[in-house]
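Each chain, written out:
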Amino acid sequence: MFNKKEIVAMLLAGGQGSRLYALTKQIAKPAVPYGGKYRIIDFPLSNCINSGIDTVGVLTQYQPLAMNDYIGNGQPWDLDRNTGGVHILAPYQSQQGAEWYKGTANAIYQNLSFIERYDPEYVVILSGDHIYKMDYSEMLRYHKEKNADCTIAVLDVDLEEASRFGIMFARDDGEIYDFVEKPKEPKSTLASMGIYIFSFDVLKKYLTDNENDKREDNSKDFGKDIIPMMLNDSKRLYAYRFDGYWKDVGTIDSLWEANMDLINPNIPIDLYDPTWKIYSRNPVMPPQSIGRNAKIQNSMVTEGCNIDGTVDFSMISDGVTIEEGAVVTDSILMPGVVVKSGAVVEYAIVGENSVIGENAKIGARPENVENRDEWGVAVIGHEITISNGTKILPKEIIGENK
C-alpha cells in the first residue's frame with residue numbers, strides 16, 4: 001500500500017551528454033562533477049526536497065553505475081523515505097519485451113506504473129543537466145491558479161541563443177498559444193527550461209496517445225510531440241516565468257562558464273543561502289592543507305586538497321593535489337586530480353583522478369593565442385595520465401593517456 005502524494009517528480013537523468021565528449025565517456029551527464037563538491041544532479045534533487053516534493057523517480061539509461069552509486073538510498077537529500085523517496089528507474093524487460101527509452105515522453109510512459117503507485121494529482125518533469133535553484137511549489141501554485149493542464153517553466157534568452165531551445169508564444173496572462181521546437185529563425189525569446197507540471201490525468205492520456213501513434217516521424221518527445229498535440233487540442237497550457245540563474249551545462253564551454261560563475265560575485269547564484277541548501281553526497285575527507293609557499297586567490301578549494309602551488313580563478317574539487325611550482329589558472333580540477341611540479345594548467349577542465357605530469361602544459365590564455373578562432377577550453381578526460389613535458393593545445397580534448 002502506497003500513500004497518495006499530491007505531486008511526484010520524474011527526473012530525466014539518462015543523457016549521454018555527447019557534447020561533453022571525454023567527460024561523459026564513463027558517466028552520464030547529470031553525474032558530472034560541478035562546483036567543487038557537487039554533481040549536476042544535486043540541483044534538481046535539492047530543489048525537489050526544498051520544494052516539499054519527497055517522491056522522485058530518477059530515469060537512467062546511459063552509464064548508470066556512477067549515478068546509482070552516487071544517489072544510493074537518497075539520504076544526502078533527505079529522500080530515504082519509507083513511502084516515497086528517490087527511486088532509480090532504468091529500462092526493464094516486461095512480458096511485452098524490452099526496449100530502451102526512445103525519447104523523453106516514452107521514458108515517462110514506460111514508468112507510468114511507478115507514478116500510479118502514488119495516485120498523484122500532478123507530475124513535475126525535470127531535466128538532470130541544468131544548474132539552477134527553483135521552488136517548484138510556487139510553480140505548482142501557479143498551475144493550480146490557472147487551472148492549467150500543463151505549465152511550462154520559461155525564461156527570456158538572447159535572440160542569438162533562442163534557436164537552441166523550444167520557443168513559446170504566450171499572451172499577457174501567460175497562456176501559451178504557439179510553440180516551436182528549436183526554430184532556425186526564432187521570432188520569440190521565451191525559451192522552455194524543460195520543466196513541466198502536468199495534471200496527471202491529462203499527462204497519462206497524451207502519453208498513451210503518443211505511444212499509440214505509429215507515424216514514422218513520431219519522436220516520442222515532450223517538445224516535439226506532446227506539447228504540440230495539446231496545443232492542437234486547445235488544452236490549457238501556461239508559461240511560468242523564471243527570472244533567476246539557470247544554466248544548461250550540455251557543452252564544454254557552458255560547463256566551464258557555470259563553474260566560473262560561482263567565483264564571480266556579480267552572478268546571481270548563491271550556494272551559501274541557508275534557506276535553500278544544495279545537498280550532495282559527502283566524500284568524507286579531511287580539511288584542505290595549504291602549504292607555506294602556496295598562493296591562492298579568487299578560487300574555491302574544497303576538502304581533502306593539498307595545495308603547494310599557485311591557484312587563481314579556479315574551481316578545485318575534493319582530494320586534489322597541486323604540487324609546489326605548479327600553476328593552475330582559470331580552470332576546473334575535478335575530484336582526485338594531481339598536478340605535478342612545474343606543470344601549468346590554463347583555461348582547462350581536468351577530469352576525475354587524472355594526473356598532469358611534471359612541466360606539462362595544458363591549454364593557454366586567449367591573449368597568448370595568435371589566431372583566436374583556435375582558442376578554447378582544453379579538456380582532459382577522467383583517469384587520464386598526461387606525461388611529463390607534454391603540451392595540450394587549447395580546444396584539445398584528451399580521452400586517453402598521452
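Higher on the page you've got the structure.
1. Side note on the packing of helix 6 (residues 200-212) against helix 7 (residues 222-232)
Thought 1: Close contact between helix 6 and helix 7 brings their axes to 10 Å; oriented N to C, the two are set at 115 degrees. Between helix 6 and helix 7 lies a crossing whose hand is right-handed. Contacts from Val202, Leu203, Tyr206, Leu207, Asp209 and Asn210 of helix 6 reach helix 7 at Phe222, Asp225, Ile226, Met229 and Met230.
Thought 2: Here the contact of helix 6 with helix 7 is built from residues that sort into eight nonpolar, one polar and two charged.

2. Considerations on unusual backbone geometry
Thought 1: Look at asparagine 298: it is not a glycine, yet its phi comes out positive at around 55 degrees.
Thought 2: Positionally, asparagine 298 belongs in the loop between strand 17 (295-297) and strand 18 (300-301).
Thought 3: Even without glycine at this site, asparagine 353 takes up a positive phi of about 60 degrees.
Thought 4: Inspection of the secondary structure puts asparagine 353 in the loop between strand 27 (348-350) and strand 28 (355-356).

3. Considerations on helix 1 (residues 42-50)
Thought 1: Most of helix 1 is tucked away, with eight of its nine residues classed as buried.
Thought 2: Along helix 1, the positions that sit buried rather than exposed are Asp42, Phe43, Pro44, Leu45, Ser46, Asn47, Cys48 and Ile49.
Thought 3: Just downstream of helix 1, glycine 52 is the residue with a positive phi angle, here 85 degrees.

4. Thoughts on the packing of aromatic side chains
Thought 1: Going through the model one piece at a time under the given rule, you end up with twelve aromatic pairs.
Thought 2: Between tyrosine 34 and phenylalanine 43, the aromatic rings sit 5.6 Å apart at their centres with planes inclined by 75 degrees, giving edge-to-face as the arrangement.
Thought 3: Centre to centre, the rings of tyrosine 347 and tryptophan 375 are 5.3 Å apart; their planes meet at 75 degrees, and the pair counts as edge-to-face. Pair noted here: tyrosine 347 is in the loop between strand 26 (344-346) and strand 27 and tryptophan 375 is in the loop between strand 29 (361-362) and strand 30 (378-380), with a separation of 28 residues, a long-range link.

5. Focus on the environment of tyrosine 206
Thought 1: With respect to the helices and strands, the residue tyrosine 206 is situated in helix 6.
Thought 2: Sequence separation of tyrosine 206 and glutamine 297 is 91 residues, and the distance between their C-alpha atoms is 53 Å.
Thought 3: Among residues more than four places away in sequence, those in contact with tyrosine 206 are Ile226, Met229, Met230, Asp233 and Lys235.

6. Quick notes on the nonpolar core
Thought 1: By size, the foremost hydrophobic cluster in this structure holds 74 residues, and its most contacted members are Met134 and Ile195.
Thought 2: In terms of residues, this core owes the most to one element, helix 8 (residues 252-261), which gives five residues.
Thought 3: Counting 36 residues, the second-largest nonpolar core is a separate cluster that includes Tyr101, Ala105, Ile152 and Tyr206.

7. A look at the sheet that holds strand 32 (residues 391-392)
Thought 1: Read across the sheet, six strands follow the order 17-20-23-26-29-32 without closing on themselves; strand pairing throughout is parallel. Both edges of this open sheet fall to strand 17 and strand 32, since each of them pairs with a single strand only.
Thought 2: Alignment of strand 29 against strand 32, held across two bridges, turns out to be parallel. Across the sheet, the residue bridging to lysine 361 is lysine 391, located in strand 32.

8. Notes on the pairing of strand 5 (residues 85-89)
Thought 1: Pairing geometry for strand 4 (residues 55-59) and strand 5, over five bridges, is parallel. Of the residues in strand 5, the one forming a bridge with leucine 59 is leucine 89.
Thought 2: Taking the sense of rotation as the criterion, the β-α-β connection linking strand 4, helix 2 (residues 64-71) and strand 5 turns out right-handed.

9. Quick word on the pairing of strand 11 (residues 166-170)
Thought 1: Counting buried positions along strand 11 yields four of five residues, so the element is predominantly enclosed.
Thought 2: Pairing of strand 11 with strand 12 (residues 176-181) involves five bridges; the strand directions are antiparallel. What sits directly across from isoleucine 167, in strand 12, is valine 180.
Thought 3: Hairpin connection from strand 11 to strand 12: five residues lie between these consecutive antiparallel strands, with glycine 174 at a positive phi of about 95 degrees.

10. A word on the side chain of aspartate 54
Thought 1: Summarising the element assignment, aspartate 54 is placed in the loop between helix 1 and strand 4.
Thought 2: Exposure remark for aspartate 54: the relative accessible area of 18% places this residue in the buried category.
Thought 3: Among all residues touching aspartate 54, those that are not within four sequence positions of it are Lys5, Ile49, Leu79, Arg81, Gly84 and Gly85.

11. Considerations on the state of the cysteines
Thought 1: Scanning the entire structure with this criterion turns up zero disulfides.
Thought 2: Summary of cysteine pairing: cysteine 48 is not part of a disulfide, and the nearest cysteine sulfur, belonging to cysteine 150, is at 17 Å.
Thought 3: Cysteine 48 sits in the buried class, given a relative accessible area of 0%.
Thought 4: Using a relative accessible area of 0% as the deciding quantity, one classes cysteine 150 as buried.

Calculation notes
- Residues numbered from 1 in each chain as written.
- Predicted model: local features only at pLDDT ≥ 70, side-chain atom pairs only at ≥ 80, totals over all residues.
- Heavy atoms only, no water.
- Axes fitted to C-alpha atoms, helices over the stretch in contact; angles between N-to-C directions.
- Helix = DSSP H or I, 4+ residues; strand = E, 2+ residues; numbered from the N terminus.
- Left-handed = near helix turned anticlockwise from the far one by under 90°.
- Contact = heavy atoms within 4.5 Å.
- Nonpolar A, V, L, I, M, F, W, Y, C, P; charged D, E, K, R; others polar.
- Buried < 20%, exposed > 50% of the residue type's maximum accessible area, 1.4 Å probe, protein only.
- Phe/Tyr/Trp six-rings, centres within 6.5 Å; stacked < 30°, edge-to-face > 60°.
- Core = buried A, V, L, I, M, F, W, Y, C linked by side-chain atoms within 4.5 Å.
- Pairing = 2+ DSSP bridges.
- Right-handed = clockwise from strand over helix to strand, strands pointing away.
- Disulfide = S-S within 2.5 Å.

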